[in-house]
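What follows is each chain in one-letter form.
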Amino acid sequence: MGASLLRLQFHDCVVNGCDASILLDRTSTIDSEKNAITNTDFVGVFPIIDKIKFEVDKVCHGPIVSCADIITVAARDSVVALGGPSWKVKLGRRDSTSANRTAANANIASPLADLPTLIKSFKDQGLDEKDLVVLSGAHTLGSAQCLTFRDRIYNDTNIDPAFASQLQTICPRVGGDLRHAPLDSTRHFFDVKYFTGLVNKKGLMSSDQALFNGGETDALVLKYSRNQNEFFEDFAKSMIKMGDIQPLTGNRGQIRTNCRKVNLKN
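Nothing here was measured: the structure is a model prediction, and the numbers come from that model. (Residues numbered from 1 in each chain as written. Predicted model: local features only at pLDDT ≥ 70, side-chain atom pairs only at ≥ 80, totals over all residues. Heavy atoms only, no water.)

1. Observations concerning the state of the cysteines
Now for step 1: Counted according to the given criterion, the structure contains three disulfides.
Now for step 2: The disulfide bridge from Cys 13 ends at Cys 18, spanning 2.0 Å between sulfur atoms. Because the sign of the S-S torsion sets the handedness, a value of about 120° for the bond joining Cys 13 and Cys 18 places this disulfide among the right-handed ones. For the residue pair Cys 13 and Cys 18, the accessibility class agrees, reading buried in each case. (Disulfide = S-S within 2.5 Å. Buried < 20%, exposed > 50% of the residue type's maximum accessible area, 1.4 Å probe, protein only.)

Below, the structure is given as structure tokens:
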């Protein structure tokens, strides 16, 4: 589940900040982000966060560590466990008391997005082009559903023909929407194979290949494909930067006792 635990932080932070709003279940007053189109693949992750929360609270003798901080630490530890870099995670975030499904659908770029759209999407969160390329490198882990790359493998021209043919055996023109294909050739290892794939026109989704398609991010993709140490160093910096997006601190928000629910007022 490392890939999903890593992506969970991004999907949380770009919707009203790193505040664990993505963990809230639907209620009469909360339009859960879990129901956003972009978050359907996270179903298996939420019980893991619940388990981590239970163990942390047991050690701390109560709800001392926020769900937002748990998401951030779990993302870092997943990267480390799968062979990637480590970094010092800032702590002290608090948890939101609301969610925003509309923003979740709007703020996560489509798998069909072109480079200008991706750049704007990241800029809206205070992240620059370098952060875009570096954080997209998280796609060195995990897989994606057929419905996210079908259009690319049948219609795009900037794709290796043999690669497209191979994917067409997994993902037919009609049906099989939930079948998965790996995002790079070593989906369980945190490395630079994602970038070497882009250089070889083997990006799985259109939004992946957009990073290496004659645009201003080509040089960065090429650099990381050749230098794993530099990618690891920059990835750590960008993850810290992403973790700084609009945290709730001080008296804002709360420390949830159950990550799925807002605490009841005393």
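2. Comments concerning the UniProt feature "binding site: Ca(2+) 1" (unreviewed entry) in the protein chain
Now for step 1: According to UniProt, the feature "binding site: Ca(2+) 1" (unreviewed entry) maps to Asp 12, Val 15, Gly 17, Asp 19, Ser 21 and Glu 33 in the numbering used here. Considering the C-alpha atoms alone, the annotated residues occupy 22 residues of sequence yet fold into one spot, their largest mutual distance being 13.1 Å.
Now for step 2: With respect to the helices and strands, the residue Val 15 is situated in the loop between α1 (2-13) and α2 (46-60).
Now for step 3: Those residues within four positions of Val 15 in sequence are excluded, and the remaining contacts are Ser 21, Glu 33, Asn 100, Ala 103, Ala 104 and Asn 107. (UniProt positions renumbered as here; feature names shortened; annotations may be inferred. Helix = DSSP H or I, 4+ residues; strand = E, 2+ residues; numbered from the N terminus. Contact = heavy atoms within 4.5 Å.)

3. Notes on the packing of α1 against helix α12 (residues 228-243)
Now for step 1: At a minimum axis distance of 10 Å, the contact between α1 and α12 shows a crossing angle of 40°. With respect to each other, α1 and α12 are oriented oblique. Between α1 and α12 lies a crossing of left-handed hand. Across from Leu 6, Gln 9, Phe 10 and Cys 13 in α1, the residues of α12 making contact are Phe 235, Met 239, Met 242 and Gly 243. (Axes fitted to C-alpha atoms, helices over the stretch in contact; angles between N-to-C directions. Parallel < 35°, antiparallel > 145°, perpendicular 65-115°, else oblique. Left-handed = near helix turned anticlockwise from the far one by under 90°.)

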